[in-house]
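# Secondary and tertiary structure notes
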4 protein chains.
Amino acid sequence: MANQLLSGKKGIIFGALDENSIAWKTAERVFEEGGQFVLTNAPIAMRMGKINELAEKTNSIVIPADATSEEDLAKLVEQATEHLGGKLDFVLHSIGMSVNVRKGRAYTDEKYDFTAKGWDVSALSFHKVMQSLYKADAMNEWGSIVALTYMAAQRTFPDYNDMADNKAYLESVARSFGYFFGKEKKVRVNTISQSPTPTTAGQGVKGFDAFINYAEKMSPLGNATAAECADYTVSLFSDLTRKVTMQNLFHDAVSPIQE
Amino acid sequence: MANQLLSGKKGIIFGALDENSIAWKTAERVFEEGGQFVLTNAPIAMRMGKINELAEKTNSIVIPADATSEEDLAKLVEQATEHLGGKLDFVLHSIGMSVNVRKGRAYTDEKYDFTAKGWDVSALSFHKVMQSLYKADAMNEWGSIVALTYMAAQRTFPDYNDMADNKAYLESVARSFGYFFGKEKKVRVNTISQSPTPTTAGQGVKGFDAFINYAEKMSPLGNATAAECADYTVSLFSDLTRKVTMQNLFHDAVSPIQE
Amino acid sequence: MANQLLSGKKGIIFGALDENSIAWKTAERVFEEGGQFVLTNAPIAMRMGKINELAEKTNSIVIPADATSEEDLAKLVEQATEHLGGKLDFVLHSIGMSVNVRKGRAYTDEKYDFTAKGWDVSALSFHKVMQSLYKADAMNEWGSIVALTYMAAQRTFPDYNDMADNKAYLESVARSFGYFFGKEKKVRVNTISQSPTPTTAGQGVKGFDAFINYAEKMSPLGNATAAECADYTVSLFSDLTRKVTMQNLFHDAVSPIQE
Amino acid sequence: MANQLLSGKKGIIFGALDENSIAWKTAERVFEEGGQFVLTNAPIAMRMGKINELAEKTNSIVIPADATSEEDLAKLVEQATEHLGGKLDFVLHSIGMSVNVRKGRAYTDEKYDFTAKGWDVSALSFHKVMQSLYKADAMNEWGSIVALTYMAAQRTFPDYNDMADNKAYLESVARSFGYFFGKEKKVRVNTISQSPTPTTAGQGVKGFDAFINYAEKMSPLGNATAAECADYTVSLFSDLTRKVTMQNLFHDAVSPIQE
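Rules behind the numbers
Residues numbered from 1 in each chain as written. Chains lettered and ligands numbered in written order. Predicted model: local features only at pLDDT ≥ 70, side-chain atom pairs only at ≥ 80, totals over all residues. Heavy atoms only, no water. Helix = DSSP H or I, 4+ residues; strand = E, 2+ residues; numbered from the N terminus. Rg over C-alpha atoms; globule rule 2.2 N^0.38 Å. Buried < 20%, exposed > 50% of the residue type's maximum accessible area, 1.4 Å probe, protein only. Contact = heavy atoms within 4.5 Å. Lys, Arg positive; Asp, Glu negative; His and termini not counted. Charge placed at Lys NZ, Arg CZ, Asp CG, Glu CD. Phe/Tyr/Trp six-rings, centres within 6.5 Å; stacked < 30°, edge-to-face > 60°. Least-squares fit on C-alpha atoms with pLDDT ≥ 70 in both. Salt bridge = Lys/Arg side-chain N within 4 Å of Asp/Glu carboxyl O. Axes fitted to C-alpha atoms, helices over the stretch in contact; angles between N-to-C directions. Parallel < 35°, antiparallel > 145°, perpendicular 65-115°, else oblique. Nonpolar A, V, L, I, M, F, W, Y, C, P; charged D, E, K, R; others polar. Buried area = accessible area lost by both parts, 1.4 Å probe. Polar contact = N/O pair within 3.5 Å; in protein donor to acceptor, adjacent residues only side chain to side chain. 1 Å grid on protein atoms, 1.4 Å probe; cavity = no way out; pocket = protein on both sides within 12 Å on 5 of 7 lines; lining within 4 Å. Points joined across faces, edges and corners; volume = space filled by probe spheres on them. Pairing = 2+ DSSP bridges.

What follows concerns the overall build of chain A. Each helix and strand in chain A was counted, giving nine helices and seven strands. Taking 18 Å as the expected radius of gyration for a compact globule of 259 residues, we find that chain A reaches 17 Å, a close match to that expectation. Taken over the C-alpha atoms alone, chain A extends approximately 45 × 40 × 40 Å along its principal axes. Every one of the 259 residues in chain A was classed for burial, and the buried ones make up 69%. Within chain A, counting contacts between residues at least 6 apart in sequence, those at least 24 apart form 76% of the total. Charged side chains of chain A number 27 positive and 32 negative; the gap between the two group centres comes to 3 Å.

Here it is in C-alpha cells:
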C-alpha cells in the first residue's frame, strides 16, 4: 500500500527508538508515501536505539534534541527546515516516560521530583515542540501535528500511574495549542489514542502483557498494531483530513466496549 | 488529489440528491480514487434530484430503495453485489429528515407520528441498512461503513429539534452494530460528525444561515465543506484506518471551542 | 438519614413495580424526606406489581397511565396536580423495556416492530412525559426531572441489545428538552446512569448476573444499589442542585475504569 | 435551607480568600449543615484575605499551608485531625493560579518556569493533598473529596491559557487517585466543573466579564453562583452521594449548549 499520499511533504518525527517503536513504523510508512523528514530523539535515547539504521532506510538525517529543552528544539527546527529546504507539513510527537513507573513508585506514593520530570518529558514537551514551531513560523498552512496518547487519560488503568495524568495534560495541550495554530497558521493538531502496543517502552509498564491480551480479546477487531498506527498517522498527515483538528482520535478497539 | 486509494473497492452510497449533497461529493471522490459503487436514494428523493447525472459521471448505476423498508434494502444489497461482482468494501449512509422540522412543530410541541417517521428515516434506517448487509453477509472483511451525523447529538442547538435525538440514536447504532460487525465480520462502523453544511437538506433548518456563519467565525480552520467531508470519508474507506471503529469522529471545527 | 430535604415538594414517580424497583426505593426515600407524590405505572405493570402496598406506606395514591399515551399522560398530570394541590417539583422516569430482548432476538436480527415498541416505551415516553408537563405548565420553577439510564448508551455491552440505543435517545431527550424546560420554566432535567441493579426488570437481561458480579469486582466502591440510587435522586430533587441540568450523571463505579 | 446534612462530619477547606470565594461560601454552608472544619490557605494568600473573619463565623481555626509543600500538608493533616478529634469526612480543594496569565504571557509564548509553577499550584497540589491524606490514613470510610475545575479542560476558551491544561491534569488526578482511594479506603473523589464565577481570582482572567455575560445569556438557568456551587458541594459531601466517584460534574449551564 503506497499511494504517494505524502508526496512533497516535509516533517519531523520524534521518538523512534527501535523497530518496535510506533515512530519507527511511521517513519517507514511516511517514506513509502513520499514524505521527507528529519528524525530526532533525546541524546540518551539515541545511544540505546538504532535510529541511524532507520535514517539510512528512509533517506533521512538524525538531529538529536532533548524535547524538554527550548534551546535544543529551536536548533532542531532551524536545522530541519534548512535541511529539508522549507517549512514543515507534518510533525509526530511520540514521547513519554514516567520516572515513578521506572522506579516502581506507586501512584499513591509518588516522588514529586519524578512526577515533575515525567510531566516535562511526556506532556509539556508537546507544548515546547509546538511553541518552537510556532515562534519560528516553521509550519506550512494545512500542516498536521500529531501526538500519541493513551485511553488512560479518560479511564483508569491502575498500573499506568502518573502517565494517565501526563496524557490528560498532553491531550489538553493539543486542544489549546490547536486553537491558536489553527486560527493563526491554518495548522491542525490532534492526538491518536493508541491501543496498548508492545513497544520497547510499553513493555516497561507493570501488568502490560496481561493488559494487552485482555484488550486483544475484548476488541472486536483486535488491538491496533504499531504498523496500523503508522497508517492512521499517514491519513492524518495527508490532505484527506485537513479540517480534522483539536481531536483525540481513538485507535483502540477497546475504548467503546464496556466489559 | 487522486491516489487510487480505493482501487478495487466496491460499495453503496446512500443519499446523493444534488451537487450540494455530501453523498454526491463523496461519490465523485470515491470514483476519483478508483472505487466502484451503486448509488441509491428513496424513490421520492430521486424524483427531486439529479442522481442519474451523477451515475453517468461516476460510471455507476442507480438502484432506488426506501431505506426504511427491509424488503427494498434486501433487494438493493442483492442487486448491488450482483452488479459489482462481489461483496462490498464500503457503505455511506447520508440520510436524515425530520417531519417535525418540515412542518414547523416546536420541540416542545412534537407530533409523535412525525417523530416516529423521522426516527425511522434518520436513525433506525442505519440499523436496517446494516442488518440487511449483515444477514446477506455482503461485506468483505475490513470493509468500512460510515454514517453522517451532527454535534447536536452531544450539545443542544435549539432549532435542530428532534434531529438531535435521532442523531444520538444513530451514533449509538454505530457503536452497537459496530461491535457485532467487528467481531463477526471484521467490518468497521463509524460516524462523521460533520460541520453544518449548506446542503439542500441542511438549508431547510430554521436559523441555519446564522448558525453556519457563527460556526465559520468560531472555528479556527473554518467550517468543513462537503468536499472536505468527502475527503475524510475516503480516508475512512481506505486501508489506512482499518482499526478505527465504533467512533464518532468530529469533522467540525467548532466542537472543541467553548465560546 | 432523613433531613426533610424535600419538605413541601410534590411530584410524580413513574415505574415502581415491586420492592426491588429503583422507583420503589426512591418513593420511600422521598417520603422520608417530606416529599408528597403520586405513583404511576402502566396498567399492565400494575397488575404484576404491588404498587398499592407502596402507596399505603408512603401516603400516596396511584394513578395508572400508559407513558406512551398522550391522553393518559394529560389525565395523569391533571389529576396529580389536582390531588397534590398545586404544581409539581419533581418527576422520576424509571421506565424501560425491550421487546427484542424479551423475545430473545439478537441485535443483528431485530424485528423492527419490536424495536419501535421498545423505543416508544423506553425513550420517547420521556419526551411525552415532559411535553405533557410542559404543555400543562405543571412544573414549579426550580423543579427537577430525572430519568434513569445506563452506560450502554456510551459503551457497548453486547447483551443490552437495542436498549443501548433507546438509552442514547433518552439521554438526548434530557438535553434537548432540558434546554427548553430550563429557559422557559426554570426546570432542570438530568439522567442518572445507574449501575447494573438487580431489579426484577434488570434480571431479565441475558448475562446479567455475570455482568453485575464483574461490575462489583471492578468498581472501587462496589455497585451502587437501588437504595443508593434513591439517595442520589433525592439530592437531585433537592434545592442543593438547582443549577445542575442537561447532564448525564454516572452513578456507576465502573464507568471510569478501563479494565 | 439547613437540614443538618453534614452533622458530625469533619473536614478541611482549602482556598477561602474572601467572601467572593467559592471556598468561603462552601465553608459557610458546611457550617450551617452541621459540619466542622479547618480552614487553610497559602500563607501569602492569607495575608491578602480575610480568612480569620470566616473562621470566627464558622467556629473554625485556620492552619496555613502551602499546598505544594509535602511538609506543610503533612503538618496540616496532622494538626487538623488532632484539632477535630478524629479522621476527616470531607475535603475541598479550591486552588488555582497561572503565572503565565498573571504576567500576561500568551499561550503561544509561555515561559516554562511560570508554567511549571502554575501546574504545581493548580494541579499537582491536588495529588499532594490526597497523597498526604492517604499516607496519614486521615480519611474516614465514605469520605468525600472535591476539587473545583472548569470546562476549559474539555473545550477551548482562548484566554484561559495554561489553566486549561492544569485543569485537565487536575481532573485526571481525581480519576486516578479516586481509583485507589475508593478501592483501599472507600473514599470518593470528584471534581465540580463550575460556571465562570466572579471570584476575586476569576476576575483576573482577561475577557472574563464578556465571557461571564455570554455564559449568563446562553445558559437556560443562568450561571451557577458561588453560593449554588457551595450547595452542590454540600450534596457531594453528604451521604446522599456515597457511590458517586471519579466523576467530573458540570455545574455550568453552558456546557451542553452548542451555540
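Bringing the packing of aromatic side chains into the picture now. This structure, assessed with the given rule, holds 44 aromatic pairs over all chains. Pairing A:Trp119 with D:Trp119 gives two aromatic rings, centres 3.8 Å apart and planes at 5°, and the pair type is stacked. With one member in each of two chains, A:Trp119 in helix α6 (residues 112-135) and D:Trp119 in helix α6 (residues 112-135) form a pair that bridges those chains. Take D:Trp119: its relative accessible area is 2%, and that puts it in the buried class. Look at C:Tyr134 and C:Phe181: their rings are 5.2 Å apart centre to centre, the planes differ by 80°, and that puts the pair in the edge-to-face class.

This part is about the relation of the copies chain D and chain A. When chain D is brought onto chain A, the operation consists of a screw motion whose angular component is 180° and whose axial shift is 0.0 Å, with 0.0 Å RMSD remaining. Here the symmetry operator amounts to a two-fold rotation axis. Across chain D, the smallest distance between a C-alpha and the rotation axis is recorded for D:Tyr169, namely 2.6 Å. The overlap is high: 100% of the interface residues of chain D also sit at the interface in chain A, so the same surface is used on both sides.

On to the environment of C:Ala215. All names here are of chain C. Examined against the element boundaries, Ala215 turns out to sit in helix α8 (residues 208-218). In this structure Ala215 comes out as buried when scored by relative accessible area, which is 1%. Remark: the alpha-carbon pair of Ala215 and Lys128, spanning 87 residues in sequence, is separated by 33 Å.

Pairing between side chains of opposite charge can happen when their charged atoms approach one another. All names here are of chain A. Scanning all chains against the criterion turns up 56 salt bridges over all chains. The salt bridge involving Asp231 is made with Arg29; its shortest N-O contact spans 2.6 Å. You can see Asp231 sitting in helix α9 (residues 226-237) and its partner Arg29 sitting in helix α1 (residues 22-32), a full 202 residues away along the chain. The structure contains a network of salt bridges with shared partners spanning Arg29, Glu32, Glu33 and Asp231.

All names here are of chain B. At a minimum axis separation of 8 Å, helix α6 (residues 112-135) and helix α7 (residues 163-185) run at an interaxial angle of 10°. Comparing their axes, α7 and α6 come out roughly parallel. For the pair α6 and α7, contact is made by Gly118, Trp119, Ser122, Ala123, Leu124, Phe126, His127, Met130, Gln131, Leu133 and Tyr134 and by Met163, Asn166, Tyr169, Leu170, Val173, Ala174, Phe177, Phe180, Phe181, Glu184 and Lys185, respectively. Partitioned by chemical class, the residues of the contact of α6 with α7 number 15 nonpolar, five polar and two charged.

What follows deals with the interface of chain D and chain A. With 32 residues of chain D in contact, the opposing surface of chain A contributes 32 residues. Summed over both partners, the interface of chain D with chain A comes to about 3,100 Å²; 61% of that surface belongs to carbon and sulfur atoms. If you sort the residues of chain D by the area they bury against chain A, D:Tyr107, D:Thr108 and D:Tyr112 come out on top, with a joint share of 24%. Our count for the chain D to chain A interface comes out at two salt bridges. In this structure, the salt-bridge partner of A:Asp109 is D:Lys135, at a minimum N-O distance of 2.6 Å. Joining chain D to chain A, the criterion identifies 28 residue pairs in polar contact (both at pLDDT 80 or more). At the level of secondary structure, the elements contributing two or more residues to the side of chain D that touches chain A comprise α6 and α7 (163-185) of chain D. Here the side of chain D that touches chain A takes twelve residues from α7(D), the largest share from any one element.

Residues and elements named next belong to chain B. Despite not being glycine, Met246 shows a phi value in the positive range, around 65°. Along the chain, Met246 falls in the loop between α9 (226-237) and β7 (248-251). Given the relative accessible area of 3%, Met246 is considered buried.

Throughout the structure, instances matching the rule amount to nine cavities of 30 Å³ or more. Counted as a void, the second largest cavity has a volume near 60 Å³. Lining of the second largest cavity is provided by B:Tyr107, B:Ala152, B:Arg155, B:Thr156, B:Phe157, B:Pro158, B:Tyr160, B:Asn161, B:Ala164, C:Ser176 and C:Phe180. Tallied by class, residues from the lining of the second largest cavity come to seven nonpolar, three polar and one charged.

A word on the interface of chain B and chain A. The interface is formed by 38 residues belonging to chain B together with 38 residues belonging to chain A. Summing both partners gives a buried area of about 3,300 Å² for chain B against chain A, and 65% of it is carried by carbon and sulfur. By the criterion of area lost to chain A, the three top residues of chain B are B:Leu221, B:Leu240 and B:Lys243, representing 27% of everything that side buries. A:Lys243 is the salt-bridge partner of B:Glu228, the closest N and O atoms lying 2.9 Å from each other. Seen at the junction of chain B and chain A, the total is eleven residue pairs in polar contact (both at pLDDT 80 or more).

Turning our eyes to something else, we now look at the sheet that holds strand β5 (residues 139-149) of chain A. Residue and element names in this part refer to chain A. In space, the seven strands of this open sheet follow the order β3-β2-β1-β4-β5-β6-β7, with parallel pairing throughout. Each edge of the open sheet carries a strand with a single partner, namely β3 (61-62) and β7 (248-251). In this sheet, β5 lies alongside strand β4 (residues 88-93) in parallel orientation, the contact comprising five bridges. Directly across from Leu88, in β5, lies its bridge partner Met139. Together, β1 (10-14), β4, β5 and β6 (188-194) form the strand contacts of α6, whose direction differs from that of β4 by roughly 170°.

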